Amino acid sequence: MQKMIIQGGNRLSGEVTIGGAKNSTVALIPAAILADTPVQFDTVPDILDVHNLMIILESMNVKSEFNHGVLDIDPTQIVEAELPSKAIKSLRASYYFMGALLGRFHRATLTFPGGDNIGPRPIDLHIKAFETLGATVSEVNGTVHLEAANGLHGARIFMDMVSVGATINAILAAVRAEGTTVIENAAREPEIIDLATFLNNMGAKIRGAGTDTIRITGVDTLQSMNTHTIIADRIESGTYLALAAALGDGVMIHNVIPEHLESFTSKMIEMGVDLQIDSDKIYVPKTTSFKPIHVKTMPFPGFATDLQQPLTPLMSLADGDSVVVDTIYPKRVKHVPELQKMGMNIEADDTTGTIVIKHTDKLHGANVSAGEIRCGAALTIAGLMAEGTTVITNAGNILRGYDRIVWKLNRLNANVTIEDDSSVKIG
Ligand code: EPU
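Residues numbered from 1 in each chain as written. Predicted model: local features only at pLDDT ≥ 70, side-chain atom pairs only at ≥ 80, totals over all residues. Heavy atoms only, no water.

Undergrad: I keep staring at the layout of surface pockets and nothing clicks. Help me out?
TA: Rolled over the atoms, a probe sized like a water molecule indicates the empty space that remains. Approximately 1,000 Å³ is the volume attributed to the largest pocket. As for the largest pocket, its lining consists of 45 residues, of which Arg121, Val164, Gly165, Ile328 and Tyr329 are closest to the centre. Looking at the lining of the largest pocket, the elements with two or more residues in it are α1 (22-31), α5 (124-132), α6 (164-174), α8 (234-247) and α12 (373-385). For the lining of the largest pocket, the class distribution of residues is 23 nonpolar, eight polar and 14 charged. (1 Å grid on protein atoms, 1.4 Å probe; cavity = no way out; pocket = protein on both sides within 12 Å on 5 of 7 lines; lining within 4 Å. Points joined across faces, edges and corners; volume = space filled by probe spheres on them. Helix = DSSP H or I, 4+ residues; strand = E, 2+ residues; numbered from the N terminus. Nonpolar A, V, L, I, M, F, W, Y, C, P; charged D, E, K, R; others polar.)

Okay, structure coming up:
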């Protein structure tokens, strides 16, 4: 188990560069096994999820190498194998191997995926999509078996709810299926466009990614010709925007796609932060007073559920009550009791997903736990704002999703270290 130790109170300034999107990367790596050639990704974030996905690839004899943000994957010698359940359980997105293996071998057997503990996360829509394409699916003791004995066939899939994961899994299964698949009520997240771009550049025929209707005509082979550069992480961008506004003396954030963040930046502007938004960077000036806001999380292009927690510490500086309603994950409130330990005036009702954040004069360091990635991001920002020392246990959850976070924060003048079990400092 790792701990993040933060000596709070430093003002931050300087520049930070955002990495490739975690939620693209974790779909692109499984998608790579659909290729008939080696593939290469650039701007890959250095996060634990990537290393765990590489362990899963290795178990199928898919060699991968990760150096300085470049990830090479060679799926040409892939074999069917039992996937390592520890790595599968370490992240939710391992379920993308269901769609990718079905696409590649017409069958797959996987342990039920793990990932963030943010309330119920069923996979019924994924299963329904696989069945519509011709697979039979059964679950025995937490292991899911999928098989399309007669191959996968294009079909119309209507998603009962907008789901990022189910849309991606349906694309992965359909891209090499026979005939045309139409996904209706598809998710429109930028990470889905990124996946479609990668697959289309290898010869796939996916049209409409980024809208709610995606058409996929199956192809026989996928061949990579170019390095795929992963889009910038909009959640990491939002996290640095929030922390720069809360305790920055002027911070420039590079490698941002402002169009992916409009629902977030508009809220920061509403709070009184005079963001200077350029084509691929955003400057956050020193800001000393903030207005309260109301936020409701929605599927893209609405306000992302993944950003409600990182924005909380900033909201506690506002001169009134801010309210968050998380309609995607009403139980995503793990940060609330931890922030209360640091003196924040915050309350949650997890039946409605409503969080009320009142003005708080001062936070103080405390021992807190990062129950999941974005909870960890909120605690990191609060720890940087607080007086004294904050120790965040379960810091692996932060390292799962934030590219070289300790190095990036310390370059901005923060004082952050990571300790592992044996108290050896590694960051
Ligand atoms: N849902 C179902 N049935 C399903 C699938 C989803 O009822 O079969 C429900 C969920 O319970 C939820 C809603 O649909 O209420 C939307 O969930 P979605 O499937 O879109 O979420 P996901 O694909 O499991 C991804 C991100 C999450 C992010 C959500 C929402 C990845 C790997 N994960 O999860 O990211 O919160 O979309 O935008 O892409 C994070 O990065 O911190 C994170 C948790």
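Undergrad: What exactly am I supposed to notice about the sheet that holds strand β2 (residues 12-17) here?
TA: One key point about sheets: their strands pair by backbone hydrogen bonds, in either a parallel or an antiparallel sense. Strand order in this open sheet of four strands is β2-β14-β16-β15, and the pairing throughout is mixed. Since the sheet does not close on itself, it has two edges, and those belong to β2 and β15 (276-277), each with one partner. Both β2 and strand β14 (residues 248-254) contribute to a ladder of five bridges, which runs parallel. Counterpart to Gly14 in the pairing with β14 is Val251. Packing of α8 onto the sheet brings it into contact with β2, β14 and β16 (281-284), and relative to β14 it is tilted by some 160°. (Pairing = 2+ DSSP bridges. Contact = heavy atoms within 4.5 Å. Axes fitted to C-alpha atoms, helices over the stretch in contact; angles between N-to-C directions.)

Undergrad: Even after reading the chapter, I still don't get α5, so can you show me in this structure?
TA: Within an α-helix, residues lying three or four positions from one another point in the same direction, as the helix has 3.6 residues per turn. Within the span of α5, buried status applies to Leu125, His126, Ile127, Ala129 and Phe130. The secondary structure elements touched by the buried residues of α5 are α4 (96-105), β7 (136-140), β8 (143-147), β9 (156-158) and α6. In the stretch just after α5, Gly134 is the one whose phi turns positive, near 115°. (Buried < 20%, exposed > 50% of the residue type's maximum accessible area, 1.4 Å probe, protein only.)

Undergrad: Can you help me understand the nonpolar core in this one?
TA: Taken as a class, soluble globular proteins show a tendency for nonpolar side chains to be buried jointly. Ranked by size, the top nonpolar core spans 78 residues in total, and within it Phe41, Met60, Ile73, Phe97, Ile171, Leu199 and Ile206 carry the most contacts. Element by element, the count of residues in this core is highest for α6, at seven residues. Formed by 70 residues, the second largest nonpolar core is a distinct cluster that contains Ile18, Tyr240, Val251 and Ile398. (Core = buried A, V, L, I, M, F, W, Y, C linked by side-chain atoms within 4.5 Å.)

Undergrad: Help me out: how do you make sense of the packing of α5 against α6 in this one?
TA: When two helices pack together, their arrangement is given by the angle between the helix axes and the distance between those axes. Where α5 meets α6, the axes come as close as 8 Å, and the angle between the chain directions of the two elements is 25°. Between α5 and α6, the angle is such that the two are roughly parallel. As for how α5 packs across α6, the hand of that crossing is right-handed. Every residue of α6 that contacts α5 at Leu125, His126, Ala129 and Phe130 is listed here: Gly165, Ala166, Asn169, Ala170 and Ala173. (Parallel < 35°, antiparallel > 145°, perpendicular 65-115°, else oblique. Left-handed = near helix turned anticlockwise from the far one by under 90°.)

Undergrad: In this structure, what is going on with the confidence of the model for the chain? I would like to understand it.
TA: Regions with low pLDDT carry predicted coordinates that are not meant to be interpreted in detail. For the chain, the mean per-residue pLDDT works out to 95, and 97% of the residues sit at or above 70. Low pLDDT (under 50) marks residues 423-427, which in the prediction has twelve contacts with non-local residues, meaning those over four places away or in another chain. (pLDDT = per-residue confidence, 0-100.)

Undergrad: Explain the site of the ligand to me, please; I cannot follow it from the model alone.
TA: The environment of the ligand is made up of 26 residues, and the closest members are Asp124, Ser163, Val164, Asp306 and Arg374. Here an oxygen atom of the ligand sits 2.8 Å away from a polar atom, N or O, in the main chain of Leu125. One of the side-chain N or O atoms of Ser163 is found 2.6 Å from an oxygen atom in the ligand. Taken by itself the ligand offers 840 Å² of open surface, and the protein chains cover 91% of this. Structurally, the ligand is housed in the largest pocket. Listing elements by their share of the shell around the ligand, those giving two or more residues are α1, α5 and α6. Classifying every residue of the shell around the ligand gives 13 nonpolar, five polar and eight charged. (Near = heavy atom within 4 Å. Polar contact = N/O pair within 3.5 Å; in protein donor to acceptor, adjacent residues only side chain to side chain. Areas by Shrake-Rupley, 256 points an atom, 1.4 Å probe, with all protein chains shown as cover. Sits in = over half its atoms within 2 Å of the grid points.)

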